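Residues per chain, in single letters:
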Amino acid sequence: MSDLEFLDAFADAIGASPGQVQMTTSLRDLDVWDSVAYLSTIVFLDEKLGIAMSPDDLVNAQTPADILNAVRAAK
Amino acid sequence: MAASTITGVAYALGTETVSQEQLSERFGEAAMQKVLSGSGIRSRRIAAEGVCGSDLAFDAAETLLARQAVDRQSIDLLIHCTQTPDYLMPTTACLLQERLKLPTRCAAFDINLGCSQYVYALSVAHSMIAAGVARRALVLTGDTMSRTVNELDRALMPIIGDAGSATLVEPPADGGGFLGFELGTDGSGAKYLIMPVSGFRQRRSAQTCIAEPDSEGSLRSAENMYMHGAAVFQFVITTVPKTIQSLLGRLNLAMEDVDLFLFHQPNKFILDYLIKKLKIGPEKTHIFVEEIGNTSGSALPVVLAEAMAAGKVKPGARVLLMSFGVGLSWGATLWQA
């Protein structure tokens, strides 16, 4: 999965508009990033990519790049 | 033949009901609609003022002992599971031994393990019976976790309920029983479900009771229960399938060999997701959380009692019981009815 494909799918999963999310966007600065977006991210990773991040990696992720790095490390 | 089995289960819920309408008045309708759509919990049962978890456990035990005409003198093990004890000292199980008029030769102690405590307690009762240390065990759960949640915590307050339960564990009369247990712990996740100032590591002070808002507008102090819901959800969907696979693998059984899967009842969202992920049909599980809330360590025995009442636990059926949560810890057992 390319960076762009991941970003589009991730943005869709958390309800962000296309282009709103870049690799270095701070998740906490996104207006849609709340507890529901967290859950949506987990479901997206589990269902679409078959990846389970560790709870620590999930909580420590600051940007989409952090999540993608964890996904690639888990593969 | 297995060393022990479950021969009866009863439960008692908190008598007060907190409705969706009441919470909407407190937190706003939009916020509570969001919680409802995420949790599926429409109402929760809370213990009345002054009622402790041990009172709920006591009520459940009295119901069970009367219903099954149990000779109290025959009980030689009382395990009480709670995270909201009457006192830190003495152990609440000792008080329950006296209240329930159990014999003084009855061993009595508490297990403090929150959501996963029921399976742990069953494993201890089973092991003590198998070792010949006890012959007939009363396993109680009783918690008032609603007392630990800040009244203005809009994430936790709407999902937490209070309950107690009683389970009789003894050698099976005609087959069945516990076929195996699988227990586990990951203390690295302790920080995700915690009451930071609740013991002796961090002492209470004038500052620790001051509630502060979090990023989503919930208020809580360091003395209240805190949960990172996403981290716990991540832990659950990772750990539960692995544990079931491991337990069934040890027993040379497959998912199809299990007649009923009963889980801790955190909320409907997690349960629906787990059931879908595990490819379990609705007829092979039971959910009882929407009207009572997450009753912590009592949730599993409560849903077991409900499944029994619904006729889902037929004689000889293989029932997988699994609980998970604070610790982080988890436990699963395969029980043949």
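Since we're looking at a predicted model, the values are computed, not measured.

Parameters at a glance
- Residues numbered from 1 in each chain as written.
- Chains lettered and ligands numbered in written order.
- Predicted model: local features only at pLDDT ≥ 70, side-chain atom pairs only at ≥ 80, totals over all residues.
- Domains from an automatic or database assignment.
- Contact = placed C-beta atoms within 7 Å.
- Helix = DSSP H or I, 4+ residues; strand = E, 2+ residues; numbered from the N terminus.
- Pairing = 2+ DSSP bridges.
- Axes fitted to C-alpha atoms, helices over the stretch in contact; angles between N-to-C directions.
- Nonpolar A, V, L, I, M, F, W, Y, C, P; charged D, E, K, R; others polar.
- Expected span 1.5 Å × (residues − 1).

Engineer: Teacher, can you tell me more about the domain arrangement of chain B here?
Structural biologist: One widely used convention gives an interface's size as the accessible area the parts lose upon coming together. All names here are of chain B. Once the domains are mapped, chain B shows domain 1 (5-174) and domain 2 (179-336). Computed from C-alpha coordinates alone, the two centres of domain 1 and domain 2 are separated by 14 Å. The partner domain 2 presents 47 residues to the 44 residues of domain 1 that form the contact. Mapped onto the side of domain 1 that touches domain 2, the elements with two or more residues apiece are strand 1 (5-13), helix 2 (29-39), strand 3 (43-46), helix 5 (117-130), strand 6 (137-143) and strand 7 (163-170).

Engineer: Before we go on, may I ask you to explain the sheet that holds strand 5 (residues 107-111) of chain B in this structure?
Structural biologist: Backbone-to-backbone hydrogen bonds join strands into a sheet, with any given pair of strands oriented parallel or antiparallel. Residue and element names in this part refer to chain B. With respect to topology, five strands assemble into an open sheet ordered 1-7-6-4-5, the strand pairing being mixed. Two strands close off the open sheet at either side, each with one partner strand: strand 1 and strand 5. Looking at each pair of strands side by side, their axes are set apart by 15° on average, direction ignored. Here five bridges tie strand 4 (residues 77-81) to strand 5, and the two strands are oriented parallel to one another. Its bridge partner being in strand 5, C81 is matched across the sheet by I111. Its contacts with the sheet put helix 3 (residues 53-67) on strand 1, strand 4, strand 6 and strand 7, and the angle it makes with strand 7 is roughly 45°.

Engineer: Got a minute to help me understand the interface of chain B and chain A in this structure?
Structural biologist: At the interface, 15 residues of chain B touch 13 residues of chain A. Considering every element that reaches the side of chain B that touches chain A, the biggest residue donor is helix 6 (residues 229-250) of chain B, with eight residues. Within the side of chain B that touches chain A, the residues separate by chemical class into seven nonpolar, seven polar and one charged.

Engineer: Would you mind showing me how to read helix 6 of chain B here?
Structural biologist: Since the α-helix turns once every 3.6 residues, residues separated by three or four places project in the same direction. If you check helix 6 of chain B, its first and last C-alpha atoms are 31 Å apart, about what 22 residues at 1.5 Å a residue would give, namely 32 Å. Looking at the residues trailing helix 6 of chain B, positive phi occurs at N252 of chain B, about 55°.

Engineer: Any chance you could explain the sheet that holds strand 8 (residues 177-185) of chain B here in plain terms?
Structural biologist: All names here are of chain B. Ordered by their spatial adjacency, four strands build an open sheet running 8-15-14-13, and the pairing between neighbours is mixed. Single-partner strands in this sheet number two, and they are strand 8 and strand 13 (260-263). Neighbour-to-neighbour, the strand axes of the sheet open up by a mean angle of 15°, direction not taken into account. Looking at chain direction, strand 13 and strand 14 (residues 318-325) are connected through four bridges and run parallel.

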